[in-house]
Amino acid sequence: MANPFDDETARFLVLVNDERQYSLWPADAAVPAGWHIALAESSHADCVSFVEATWTDMRPASLAAAMDTAGG
């Protein structure tokens, strides 16, 4: 069975969790608990572009907040 995440012709969602981490997700798969749709069903290329433009700080939100509070 092929990995659905490798199919660049498939339709995807972009998901985000409470830590502001992003993920491409197959549009026909159920959204896992703890994740929310950040970009509705789109092409693989559009999803990748969205993630690249949006997810500019790779740190989990809790770590970023702690580091920013600590002056880090």
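Residues numbered from 1 in each chain as written. Predicted model: local features only at pLDDT ≥ 70, side-chain atom pairs only at ≥ 80, totals over all residues. Heavy atoms only, no water.

*Asks:* What is the right way to look at the overall build of the protein chain in this model?
*Replies:* Secondary structure assignment for the protein chain yields 2 helices and 3 strands. Relative to the compact-globule value of 11 Å for 72 residues, the protein chain shows a C-alpha radius of gyration of 14 Å, a clear excess of over 25%. Oriented by its inertia axes, the alpha-carbon framework of the protein chain measures out at about 45 × 25 × 20 Å. Scored against the burial criterion, the 72 residues of the protein chain give a buried share of 24%. Taking all contacts inside the protein chain whose residues are at least 6 apart in sequence as the whole, residues at least 24 apart take part in 40%. Here the protein chain displays about 4,800 Å² of accessible surface, and carbon together with sulfur accounts for 56% of that area. (Helix = DSSP H or I, 4+ residues; strand = E, 2+ residues; numbered from the N terminus. Rg over C-alpha atoms; globule rule 2.2 N^0.38 Å. Buried < 20%, exposed > 50% of the residue type's maximum accessible area, 1.4 Å probe, protein only. Contact = heavy atoms within 4.5 Å. Areas by Shrake-Rupley, 256 points an atom, 1.4 Å probe, with all protein chains shown as cover.)

*Asks:* Any chance you could explain the environment of Ala27 here in plain terms?
*Replies:* Within the secondary structure layout, Ala27 lies in the loop between strand 2 (22-26) and strand 3 (35-43). Distance from Ala27 to Val14, taken between C-alpha atoms, is 8.9 Å for residues 13 residues apart in sequence. Sequence-distant contacts of Ala27, that is, excluding residues within four places in its chain, are made with Arg11, Phe12, Leu13 and Glu41.

*Asks:* Would you explain helix 1 (residues 44-54) in this entry?
*Replies:* Three or more residues of helix 1 are buried, namely His44, Cys47 and Val51. Along helix 1, the residues classed as buried sweep out an arc of 65 degrees about the axis, all on the same side. Exposed residues on helix 1 whose side chains face more than 90 degrees from its buried face are Glu52 and Ala53. (Arc of directions from axis to C-beta.)

*Asks:* In this structure, what is going on with the pattern of salt bridges? I would like to understand it.
*Replies:* Here the idea is simple: oppositely charged side chains can pair when their charged atoms come close. Counting across every chain of the model gives 2 salt bridges. One salt bridge in this structure joins Arg11 and Glu41, with 3.5 Å as the shortest N-O distance. With a gap of 30 residues between them, Arg11 in strand 1 (residues 11-17) and Glu41 in strand 3 connect regions that are remote in the sequence. Overall, Glu41 belongs to the partly exposed group, its relative accessible area being 44%. (Salt bridge = Lys/Arg side-chain N within 4 Å of Asp/Glu carboxyl O.)

Geometric descriptors of this kind do not, in isolation, establish any biological role.
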